[in-house]
Structures are given as C-alpha cells and as structure tokens.
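# Per-entry structural report
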Amino acid sequence: MGKVRVPLFRTVRGMRDFLPEEAELMKYIENKAREIAQLYRYREVITPVVESYELLAAKAGEEIRSRMYTFRDLGGRMVALRPEFTASLARLVSNKLRNKPKPLRLFCVGSLYRYDEPQRGRFREFWQSNYELVGSDKPEADAEIIMLTNSLMNATGLKNCVFKVGHIGVLREILNEENLKEKVQNEIMQLLDKKQYDDAIKRVKSDGASRKCVIALKQLMKVKESGVFETVKRMERQVRGFERAESAVKNLYEILELVLESQKIDVIVEAGFARGLEYYTGMVFEVYVPQMDTALCGGGRYDRLIELFGGEPTAAVGIAHGLDRITLAMQKQKTWTKAPRENTVIIIPVKEEMKKEALKISQKLRSKNLQVESEVMGRKVAKALGDADKRRISYAVIVGEKELKDGAVILRDLKRRKQQKVKIEKITETIEAANQKT
Ligand code: AMP
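In this text the structure is predicted, and so the values were computed from the model without any measurement.

## With respect to the pattern of salt bridges
According to the stated counting rule, one finds 37 salt bridges in the structure shown. Between R301 and D303 there is a salt bridge; the shortest N-O distance is 2.8 Å. Given a relative accessible area of 21%, D303 falls into the partly exposed group. Counted as one network, the salt bridges with shared partners bring together E63, R67, D116, R122 and K194.

## Considering the side chain of T149
Within the element layout of this structure, T149 appears in helix 5 (residues 139-155). With relative accessibility at 0%, the residue T149 sits in the buried group. Those residues in contact with T149 that lie beyond four places of it in its chain are F163, F285, V287, C297, I319 and H321.

## A look at the pairing of strand 9 (residues 283-288)
Look at any regular strand and the pattern is simple: side chains alternate between the two faces of the sheet. Of all six residues in strand 9, six are buried, a share of seventy percent or more. Burial along strand 9 is two-sided: M283, F285 and V287 facing one way and V284, E286 and Y288 facing the other are all buried. Note that strand 7 (residues 162-167) and strand 9 share six bridges and pair antiparallel. Across the sheet, the residue bridging to V165 is F285, located in strand 9. Bridging between strand 9 and strand 10 (residues 297-301) involves four bridges; their strand directions are antiparallel. Its bridge partner lying in strand 10, V287 is registered against C297.

## Some thoughts on the environment of I268
Topologically, I268 is positioned in strand 8 (residues 267-269). Separated by 39 residues in the primary sequence, I268 and F229 have C-alpha atoms spaced 9.6 Å apart. In this structure I268 touches V162, F163, K164 and V165, once residues within four positions along its chain are discounted.

## Focus: the sheet that holds strand 7
Here we have eight strands laid out as an open sheet, ordered 1-5-6-11-10-9-7-8, and mixed in their pairing. The open sheet has two free edges, formed respectively by strand 1 (43-44) and strand 8, since each of these has just one partner strand. Contacts from helix 11 (residues 243-262) reach strand 7, strand 8 and strand 9, with the element oriented near 155° to strand 7.

## Observations regarding the sheet that holds strand 3 (residues 70-72)
Strand order in the open sheet made by the three strands is 2-4-3, with antiparallel pairing throughout. Only two strands of the sheet have a single neighbouring strand rather than two, namely strand 2 (50-52) and strand 3. Looking at each pair of strands side by side, their axes are set apart by 40° on average, direction ignored.

## Considering the site of the ligand
Lining the immediate surroundings of the ligand are 15 residues, of which R114, D116, F123, Q128 and R275 lie closest. Residue Q128 places a side-chain N or O atom 2.8 Å away from an oxygen atom belonging to the ligand. In this structure, A295 approaches the ligand through a main-chain N or O atom, which is 3.1 Å from an oxygen atom. Expressed as a share of its isolated accessible area of 490 Å², the protein-covered part of the ligand is 94%. Taken together, the residues that form the shell around the ligand break down as six nonpolar, four polar and five charged.

## Overview of the domain arrangement of the chain
By the assigned domains, the chain splits into domain 1 (20-333) and domain 2 (344-436). Between the C-alpha centres of domain 1 and domain 2 there is a distance of 52 Å.

## A few points about the packing of helix 6 (residues 168-177) against helix 9 (residues 211-222)
Contact geometry for helix 6 and helix 9: axes closest at 10 Å, N-to-C directions at 170°. The orientation of helix 6 with respect to helix 9, classified from their angle, is roughly antiparallel. Here helix 6 and helix 9 pass one another in a crossing that is left-handed. Every residue of helix 9 that contacts helix 6 at V170, L171, I174 and L175 is listed here: C213, L217 and L220.

## Some details on the packing of helix 1 (residues 20-39) against helix 13 (residues 323-333)
At a minimum axis distance of 10 Å, the contact between helix 1 and helix 13 shows a crossing angle of 110°. Here helix 1 lies roughly perpendicular to helix 13, going by the angle between them. At the point where helix 1 passes helix 13, the crossing takes the right-handed sense. For the pair helix 1 and helix 13, the contacting residues are L25, M26, Y28, I29 and E30 in the first and L323, D324, I326, T327, M330 and Q331 in the second.

## As for unusual backbone geometry
In this chain, K102 is followed by P103 through a cis amide linkage whose omega measures 5°. Within the secondary structure, P103 sits in the loop between helix 4 (86-94) and strand 5 (104-113). One non-glycine residue, N369, lies in the positive phi region at around 75°. Relative to the helices and strands, N369 is located in the loop between helix 14 (355-367) and strand 13 (371-374). Take N369: its relative accessible area is 66%, and that puts it in the exposed class. At R392, a position not held by glycine, the phi torsion is positive, near 55°. In this structure R392 comes out as exposed when scored by relative accessible area, which is 69%.

Thresholds applied
Residues numbered from 1 in each chain as written. Predicted model: local features only at pLDDT ≥ 70, side-chain atom pairs only at ≥ 80, totals over all residues. Heavy atoms only, no water. Salt bridge = Lys/Arg side-chain N within 4 Å of Asp/Glu carboxyl O. Buried < 20%, exposed > 50% of the residue type's maximum accessible area, 1.4 Å probe, protein only. Helix = DSSP H or I, 4+ residues; strand = E, 2+ residues; numbered from the N terminus. Contact = heavy atoms within 4.5 Å. Pairing = 2+ DSSP bridges. Axes fitted to C-alpha atoms, helices over the stretch in contact; angles between N-to-C directions. Near = heavy atom within 4 Å. Polar contact = N/O pair within 3.5 Å; in protein donor to acceptor, adjacent residues only side chain to side chain. Areas by Shrake-Rupley, 256 points an atom, 1.4 Å probe, with all protein chains shown as cover. Nonpolar A, V, L, I, M, F, W, Y, C, P; charged D, E, K, R; others polar. Domains from an automatic or database assignment. Parallel < 35°, antiparallel > 145°, perpendicular 65-115°, else oblique. Left-handed = near helix turned anticlockwise from the far one by under 90°.

Written out as structure tokens, the structure reads:
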C-alpha cells in the first residue's frame, strides 16, 4: 500500500505565525507599551476578542464595518471579532466603570481583526497597544495622549517620527452649521480619510451646502504648511464666520502649544485630515516614520461615544499604537538589538545515573534567575556541548560522577572556552564573577 500523503497546513491568508525571534521582538514592544502605561498611570484592562456586532459596528465607520469578521455564534447571537479597542473600552466606561471617579486612565493590548487586503504592514490579525483618557475635555488630556505616544516612540528607539495632527471638530462644525446629516458627514469624513478631496467637496455640494461652506472647506484642504502655528493661524482665517469651528481651531492651538512647550516633537498640521473611525469629535493624529508610508499609530478625541453606548455624557481621548508596524519600523531603522545572553546555561549529565542530580541542579540555578536548559536528548557530552555552542549558550554545567562525589560539577565557559571544577553552591557566584569580567 502506498504511503498516505498528509497535507501541509498553512496559515489562513492574512494571518501570521510569529517565530521565536519575531515573537521576541513583538513581546519586547508590548513590554515597552506596558512600561509607558505604568509611567503615565494607565491601568490595564482585558476585554474579550468577541463582542456583539452591534457594539462594534455602531461607530466603526463604513470602511472598517465592511471588513469585520462577523458571524452568528451557536446560540444565534450576531457577534464579531473586535476590529479595534475603543468600542470595548467605551462599553466598559458606560457600564461597569460608570460610577468610577474621573479621570479614568485605561490601557489594553492585544490582537484585532480586520479583513484588510494583506500587504506590507497590513494584516488581518494585528496587534495594538491602546490608551484611553476618559472624563476630561481639557486640552491637557489631548496633550498627554500625544506625549505618551512620543514616549513610546522614544522607548522603542524610533527616530524621525512625524506626528500628523488635525481636528475633526473644525470640519464637523462647518458641516453642522450647514445642517448636513450625520450620515452624509460620515461619508465626507471617509472620503477625506482616503484623501479624495474633490469627491468630498462634490458630496458637500450635492447635499446643498452653501457657497461659503464649500469655499471654506476647499481652502482648508489646501492648508498645509511647515510651521505648526502658522498653519493653525491660516486655518483660523479660513473658518471665520463658523463660530464653533473657530473655537475648534482655538482648541487645536492650545493642544499644540501644550505639547510643543513640554517636549520636542516633529508635528505637521493638516486641516483636511480625517480618520476612518466615525466617533472622533476633536483633535486627531497619526504617527509616521520616513521609511514607511502607512501610519504607525492613530487616535484622537471622541466626546460622544460613551453617551451613545448609554453612559453619561463623557469626554474622552485615546490612541492606538500599531505594534506590527512599530516592529517593521524598528527593523527598517535597525533599532532592534537583541539583549546579550549572559546567563544562559545548559546542564549535561555525563551518564544516565547523573540525570536526577542534573535536574536538581537545574532547578537550583533557575531559582537564582539563571536561564537553564537541560539536555533531554540523551546525547554524549561532546555532542551536547557542540550544539550548545552553536546556539550561543554561555555556560555548560557538566554533571559527572567523579566531581559529584566532592559536591562539585565542571562549569564550562562556552564563550571563553575555559572550564573549571566548581562546588554546586558556588555555580551562580562563579558565573556572575565571570560575567563581570566582560
Ligand atoms: P486605527 O484603529 O485604524 O486607527 O489604526 C491604528 C493603528 O493600528 C494604525 O496606525 C496601524 O498601525 C494599526 N493597524 C490598523 N489596521 C491594521 C492592519 N490591517 N494591519 C496592521 N496594523 C494595522
């Protein structure tokens, strides 16, 4: 009988495996994100990957809504895999955290799912660290979100980051004064997000907006200058006569002043900049590096989402950092150097009979925080040493009968190719002393 061929399974399109080195880099960034959360006092929450479709679809925006992984569970509920975190956090704030004193600073990190077209930096499963500052409508809250994002960029060693900043309030308030329906406004925002400025203007016109409105918007789209405050001042001139849009520009000015006075950040202001998610109401921003044309991070202010989910009217501002793209940017900029492995040890019993003792020693060393592997393939010492050397392990502890009688082992320094007999209780000390010499 012929051998049955077993198919080799692959990952589903758009999904990826993280092999050890890739997983290590991802976890490194995740840890940095967690450190930043602690530094700024954002407390971690863990929310489910599966949420009700209704919740996730409410304000995701057509672009993301149409790309959600949506299905009925076995109980007949319409559910979806989360395409972003903010809806889940707004659900928490409007419900379980409703009575908690404000401000609330919340952090979460995990995987998200969108049926995007896979390409470099765009996957169907991707990771974000997400920070939400809930309960403040003050510009210092917006500034904090920008500043903590900059702290994460610095912590990962990324250079030449550019923060692109805009204000949805400026655009929306002009459309509001024209009484344009929210649905139409959302369509216009989607077009602006895709930089289809002419189509956006056409849509505004087709809904019967005034000439004054069309001119103001057209002028705003053109406002892109190098100087931050000059740009904002130009915006101010373009929106004159639209009272609430004017105060939105003032708000943007205040936020930028706070940010730029407290640290050096490369900011460009774009008046026609909108984001795909529909819930934004105020300042929005994205972060770029010159090596990539897609954004590493995106966020902004959303003052009405919590109310929409049945909570008290609550102002909020947040940011999502795309960990996959940060990984790619770090690789491109070569900011990722693997931590030196000073304390890796392999324990090799010389013979079967030393196995038990070898395991005992490995536990002892792990309790001293050394990273220890045991030889589990039953190989001869020379072969096991050769393999350990190839894998760049730093030390080998060879457990032999003769030395054991004196309560000792052979400690081999694989980098310096030297070995010595060492008492079992002195192994850690000897390794530490050797590490200090380098
Ligand atoms: P958004 O939730 O759309 O505001 O996106 C925030 C950040 O998440 C982006 O700046 C990206 O870094 C990341 N991101 C969004 N969609 C994807 C995707 N399909 N693949 C990888 N990263 C993504």
